[in-house]
Amino acid sequence: MNENLRTQKDNLAKLMATENLTIVHRKVPTAYFDIKNRVLCCPILKDDLSPYLYDLFMGHEVGHALHTPLEGLHSTIKENRTLKGYLNVIEDVRIERKIRDKFSGLRKSFFKAYNELMDIDFFGIKNRNIQELSLIDKINLITKVGSRVNIKLTDEEQVFLDKALAVDTWEDVVSVAQEIYEWSKENETRDENDESIKTLMDNLEIEEDDEVDLGEEDYPFEPYTGEEDEDYEDDEDVEDYFNDPDDTLPDLDEELKETGSIQNDRSGGKYDDKDGARESLTEHNAHNNEDMFQSEDNHIRVQKDLKEFFNSDFMKNNEFVVSYKTLLKDLDEWFAEKENRTYNSSYDMKDIQRLALVTAKKLENRNKKLVMHMAKEFEMRQTALRSVKALTGKTGQLDMNRLAKYQIVDDVFKRVTYLPDGKNHGVNVLVDWSGSISREVCDLLEQAIILTMFCRKTNIPHRVYLFSDQYLKGFDDYSGRGLECLVELFSDKQSNKDFYSVLKLVSHIWNNFRFDNASWRGIDKFLDQWKTWYNEDFKGYTDDRWLQIPFNYTLPNSLSLGGTPLNGALIYMRKLLPEFNKNYSIEKSILTVITDGESHESPILKNTDEETKQINEQIDPNDQYSYRTRQKSELIDPYNRRVYLVSSNGYYNFARTQNLLEWVSDSCNTINTGYFIISKKNEAIDILEKSGVPGGYRTHENDWTDIRKFGKVYSVKGYNKLFITTSNNLSVQGDDELDNDLIDATKAKIRGAFLKNQRGKVTSRFLTNEFIKEIA
């Protein structure tokens, strides 16, 4: 069964249960329901399983979820195993009748599914005289397959069938099952088939017990080694130990209180002896044959439930977000602490802040025209979309110009065109703050500024975050990094004063990375760039082959570049996006990611002890190559309780991030766009292959030409649109005017500058236009 159909069936199960059940698929022998945590665990079924069988299995388990009480499970464990089979049969009659009555559409699925099960002898009755089956088996077959079996009941047996069909509560189930069980002991005789089940299961239990270390306190004698020993002379003590399960079993009451479910079918109770009731052979065979529908896929599945993490104070209070106010406050304190510090003879901290203000004005002014173009393009597309959806209707008022033509025109009423209201947009931007983007920091920050200016111009609610693992300290994961967090740069809540304060802060960071790599070899070019940008001469040391840059080490450690915690950032956005969308009544929510590489593993997704236990339970202890078994990691959404794929193998892979993006998009109703910044051809080819773009090496090699010149847009898993481009394309703006330096220049120089300017316009407007298409 493919993933899409499985998801539809899982959703059907939730609807049937009339609650937000968590449905997981694991390598387990049979389905079970965790009553306490409301988790329905299903085996991994074969892909060719018919939808009718899937409906039967899910409907059956949902029936248990709705109607079987916690004490019901407890009672089935406490009683002997023969009676347990009777209880299971009668309870199945009750819950299947109730689920069919509630959802009539399941009747057809149940009928066809049981036909399929009969065709494959699921109940193990082929070549048997069904009239010789026990009464409990006859009831089981009649209530499940109906007319497919021709069973004749005596008047006395018919009474018990009628009682089974009439049970309404769990207490009724216990009463009727007990009554049939007692009747069987008095009126039916166990045969070799009943005894074979007892012998088989008892032997299986002994084999399992031999492998379990119960410890010295729980195990009253030493394991038998084959040698004579005084402790084993009294065989009656040993026999009493096995025959008294109360001394050996764990406290089932405590297990139920802690887990809400008991998954070990063989714990507790005994089978009847030769003078007891007959076994329910059909129930036993059906239980043993369930594995024929299980997938042979050799994946180990583990589900991480994020509910507990999202319920922590850290998440509830949004402690993972460093607000722009905190950022400004921290940087002001840092500047105050370093106020009297002089980095060389010419520049101190006041000069550095002054130059940051110069950069802020420069960045704003040179991008104003581009932002105006984006805003105009956005409004045009919005108007066009509204016109397409415009409706023309009657007003109910007479049109006096048409009234004179009433003899030849039927419609004499005025008409009006109704334009639908535009959608409320919202934009959230995640900007990579890792060491690998050190060369692209200036371009990425400028791109963030452009998007912010655009949102402010068009009154679109927005947030711009750096995703970093350096700002919050005091937390060490396996890699020794700081706690991953989101550092808020821009927000629609900022006043003009706050916006320009943050713009100045960002410009200070921009200066640090723009003028931090100068060397004596390029001194002349550096000095020209300095003078052009700041409109003043450089006042550092330039004699004796020595050059001091005032911006070196003028950032606090908290703003240092670190790892790439994109996966952790996406988990945080699962908390922030619904709140953001609700506060602004957002109808079209855009999540934009600007990065240059793959995310490292998030400690949030690291396996807990419980999840490690899940993995170990699915490993065959006799398989010496079990370490090669692939794993499928999934997460359980903390709000909608649905299960989402995280990865099928490995930790460092682009597909892992793509799966998390799909999770965020599906659960938060977002449109995901991405800017992936690369600098080399092999990096472009690598990311195209990892992201699933069709074509081989040669095709991707040709793509590099367009990527390098203008950038290219792809639709890949996780992203509605992924812009793959180089940092050079982001930095080219394409001003409408040429530099004054070209006055009296040669014709060839002017022509070259003009062509470069036009290429810049084409590149920058291509990227922005594609972005506008997506959000409009």
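Scoring rules and cut-offs
- Residues numbered from 1 in each chain as written.
- Predicted model: local features only at pLDDT ≥ 70, side-chain atom pairs only at ≥ 80, totals over all residues.
- Heavy atoms only, no water.
- Core = buried A, V, L, I, M, F, W, Y, C linked by side-chain atoms within 4.5 Å.
- Buried < 20%, exposed > 50% of the residue type's maximum accessible area, 1.4 Å probe, protein only.
- Helix = DSSP H or I, 4+ residues; strand = E, 2+ residues; numbered from the N terminus.
- Contact = heavy atoms within 4.5 Å.
- Phe/Tyr/Trp six-rings, centres within 6.5 Å; stacked < 30°, edge-to-face > 60°.
- Pairing = 2+ DSSP bridges.
- Axes fitted to C-alpha atoms, helices over the stretch in contact; angles between N-to-C directions.

### Thoughts on the nonpolar core
Within the largest apolar cluster, 113 residues are counted, with the highest numbers of intra-cluster contacts made by L430, L486, F515, W530 and I724. Broken down by element, this core gets its largest block of residues, 11 residues, from helix 19 (residues 441-458). Apart from residues lying up to four places away in sequence, F515 is in contact with W510, F526, W530, W533, Y534, I549 and F551. Of all hydrophobic cores here, the second largest spans 49 residues; its members include I23, M58, V89 and L106.

### Some thoughts on the packing of aromatic side chains
Taken as a whole, this structure holds 27 aromatic pairs when the rule is applied. An angle of 85 degrees between the planes, with centres 5.7 Å apart, marks the rings of F310 and Y639 as edge-to-face. Residue F310 is located in helix 14 (residues 307-310), and its partner Y639 is located in the loop between strand 12 (631-636) and strand 13 (643-647); the two are separated by 329 residues in the primary sequence. Classification of F310 by relative accessible area gives buried; the value is 3%. Classification of Y639 by relative accessible area gives partly exposed; the value is 41%.

### A few points about the sheet that holds strand 4 (residues 300-305)
Read across the sheet, 3 strands follow the order 4-12-13 without closing on themselves; strand pairing throughout is mixed. The open sheet has two edge strands with one neighbour each: strand 4 and strand 13. Recorded for the sheet is a direction-independent mean angle of 30 degrees between the axes of neighbouring strands. Lying over the sheet, helix 23 (residues 609-617) contacts strand 4 and strand 12, oriented at roughly 160 degrees with respect to strand 4. Packing of helix 24 (residues 654-668) onto the sheet brings it into contact with strand 12 and strand 13, and relative to strand 13 it is tilted by some 160 degrees.

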